[in-house]
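# Breakdown of the fold
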Amino acid sequence: MSFVITTPLYYVNDKPHLGSVYTTIICDSIARYKRLVGEEVIFITGVDEHGLKIQRTANEKGIEPKTHCDEISKIFNFNWKSWDISFDKFIRTSSKNHELVVNEFYERVKKSDDIYMGVQKGWYCVGCEEFKDNPENSSTYKCPIHQKSLEWKNEENLFFKLSKYQEQIEKIINEPNFIEPIERRNEIINFVSRGLKDFSISRTNVSWGIPVPDHDKHTFYVWFDALLGYVSAISSSEADCSLEKSINEGWPADIHLIGKDILRFHAVYWPAMLISAGMKIPKKVLGHGFLTREGQKMGKSLGNVLDPDLLLSKYGNDPVRWYLIKDISLGNDGDFQDKRFVDIINNDLANTIGNLLNRTSSMSRKWFDNKVPNIQKISSENKLENFAKCAVENYILKFDNYKLDLAANEVLSLAINTNLYLNDNQPWILIKDKNNLPIVEEIIYNVLESTRIIGLLLQPLLPELSSKINEQLGSIYKKEIPWEQQLRWGLLISNSSLPKPTPIINKLEYE
Ligand code: MSP
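Here is a short report on the structure shown in this document. Each chain has its residues counted from 1, running along the sequence as written. Note on the predicted model: pLDDT of at least 70 is required for a residue's local features to be given, and 80 or more for side-chain atom pairs to be given and counted; whole-chain, interface and lining totals, by contrast, use all residues. Side-chain measures here rest on the full set of heavy atoms in the structure, leaving out hydrogens and waters.

## Side note on the nonpolar core
The criterion, for reference: Buried residues of nine kinds, namely Ala, Val, Leu, Ile, Met, Phe, Trp, Tyr and Cys, make up a nonpolar core once their side-chain atoms join them within 4.5 Å. A simple rule labels every residue: compare its accessible area, found with a 1.4 Å probe on the protein chains alone, to the largest value its type can have, and call it buried under 20%, exposed over 50%, or partly exposed in between. All domain edges in this entry derive from an automatic or database-based domain assignment. Only heavy atoms matter for contacts: two residues are in contact if any of them lie within 4.5 Å across the pair.
Ranked by size, the top nonpolar core spans 162 residues in total, and within it Phe105, Tyr395 and Leu458 carry the most contacts. Split by domain, the residues of this core number at least three in each of domain 1 (3–289) and domain 2 (338–486). Apart from residues lying up to four places away in sequence, Tyr395 is in contact with Tyr33, Ala407, Glu410, Val411, Leu457, Pro460, Leu461 and Trp483.

As structure tokens, this is what we get:
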């Protein structure tokens, strides 16, 4: 059985922003972790290409929607590669295979007698691609997310009988593991308790969409189409892609990681659609918070949008990953602050982890002929070993519960404790007396061993830094040995050569 994890399928109205980078990095970390603990992972990302928003963006550029989508989709795909995102599937909702799956799904829902023709009247936000529930002063009201006015719609649409699933949905959302964190679950419980209304699943005024097979002027509503991207992605790269094949090869998803603004679609509409089609529902919907910059909402009109490409080229992948993973508790809103970013990277990565590696491998090379010391005896009471064992246990517990910030903190505290152990034991004083050699060997061995474990624990969080630490210790990470086994204390080989130390992370300057 595969472990299926998804990012949202991003709208191609613009290139990736910090919010999409955030979600994708978190998914990447979880996917890497799951692979390390032996799961077969299908990590899905992709783009949501249809709908009014994209149609208008292309019109404004004076090009065909398809040409526009080809261009931006390529940017997304390339972008995730430059962030070293380990995705397995990249789905484009404009692909033929995806269309096939949507049509098959529609037939199943129709068979359940869950589709009917009706009239949809209401205020619509094109940015959200969503009808808003009775906003006050609708003609002057602006969508708080997109800061745009709503548009009045009154048209014939096909509807999905969501109201029929009220009880089933109530049961699902009350399961403690389905929606996390709890604040998000409560929002949804609240929403559902007000009574579910049927929602429209087709449009007559949007040509850039998948045509509804049995209704000439209708295309599918972008959300009805996009959610199915998670399913079609599984078999999309195969010539015989089909709904059945995707079901057999991995569905349901284990986790949908999404922002809080699109929780309703994933935790309410989507499970109901799936039940109607006789399919399994996702196991978990993890809703993360929103990122602001220096305490302010990011927006083009405010001129404070932080370009993730610039961050990547200026600081590299690991610092951005560390900040987003460690400084933001998954589920809460987070703030990107330039000064805080520089301070965190310098304190945690450069001064604590980088410095630990550098000074111990230098000492070891200097005193032990460029090698890991050859330990004679291991004292019964090894404080550092105990710290490391505890850190590994806690880290796994935290990661298993998707508390990535806390897992990152476990690694950091192991590094802090290792530095303290070194300072307390002062091997640079002990070495002056030759009789102390066995003790110094043991201290240095312990510190190097703890650093090796730190490097391994960083693997899903900061893959680049992790392999640099690994190389600097001369310890080749062996893929054939399960990662969790490699976390056992005492595996660093005595007398093995240590390469010349090079800085693994540069200190940042605050401008
Ligand atoms: N296309 C839909 C998703 C369809 S999934 C089948 C969509 N796309 S989006 O590009 O607008 O948004 C993608 C994700 O970015 C959402 O999860 C949204 O919550 C997230 N974010 C948008 N702005 C954000 C921040 N400022 N901070 C964090 N995440 C944010 O919605």
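## A look at the pairing of strand S4 (residues 115–125)
What counts here: The criterion for strand pairing is that DSSP finds at least two bridges linking the strands in question. Helical segments are the DSSP runs of H or I of at least four residues, strand segments are the runs of E of at least two, and each set is numbered from the N terminus.
The sheet contact formed by S4 and strand S6 (residues 151–160) spans 10 bridges and is antiparallel. Residue Lys121 lies in a different strand from S6, and its bridge partner there is Asn154. Sheet analysis places S4 next to strand S5 (residues 130–132), joined by three bridges and oriented antiparallel. Counted as the bridge partner of Cys125 is Glu130 from S5. Hairpin remark: S4 followed by S5, antiparallel, with four residues in the connecting loop; positive phi at Glu129, about 55 degrees.

## Quick word on the environment of Ser362
Relative to the helices and strands, Ser362 resides in helix H13 (residues 338–367). In this structure Ser362 comes out as partly exposed when scored by relative accessible area, which is 31%. Taking C-alpha positions, Ser362 is 6.8 Å from Pro501, a pair spaced 139 residues apart along the chain.

## Quick word on the site of the ligand
This is how it is decided: Each residue is tested against the molecule or strand, and it is near if at least one of its non-hydrogen atoms lies within 4 Å. Polar contact is the term for a pair of N or O atoms within 3.5 Å; when the atoms are in protein, one must be able to donate a hydrogen and the other to accept it, and sequence-neighboring residues count only if both atoms are side-chain atoms. What sets the accessible areas is the Shrake-Rupley method with a 1.4 Å probe; for residues, cover comes only from the shown protein chains.
As a matter of local geometry, the ligand sits amid 20 residues, with Leu9, Asp48, Gly259, Asp261 and Leu291 nearest to it. One of the backbone N or O atoms of Leu291 is found 2.8 Å from a nitrogen atom in the ligand. When the free accessible area of the ligand is taken as 670 Å², the share hidden by the protein chains comes to 90%. Ranked by residues supplied to the shell around the ligand, first place goes to strand S1 (residues 2–11) with four residues.

## Quick notes on the sheet that holds strand S11 (residues 255–259)
The condition that has to hold: The axes are straight lines fitted to the C-alpha atoms, using for helices just the contacting stretch, and the angles between their N-to-C directions are given from 0 to 180°.
Read across the sheet, six strands follow the order S3-S2-S1-S11-S12-S7 without closing on themselves; strand pairing throughout is parallel. Across the chains shown, the open sheet's two edge strands, defined by having one partner strand only, are strand S3 (89–92) and strand S7 (179–180). One ladder, built from four bridges, connects S11 with strand S12 (residues 285–288); its direction is parallel. Bridge pairing in S12 links Leu257 to Leu286. Contacts from helix H3 (residues 65–82) reach S1, strand S2 (40–48) and S3, with the element oriented near 165 degrees to S3.

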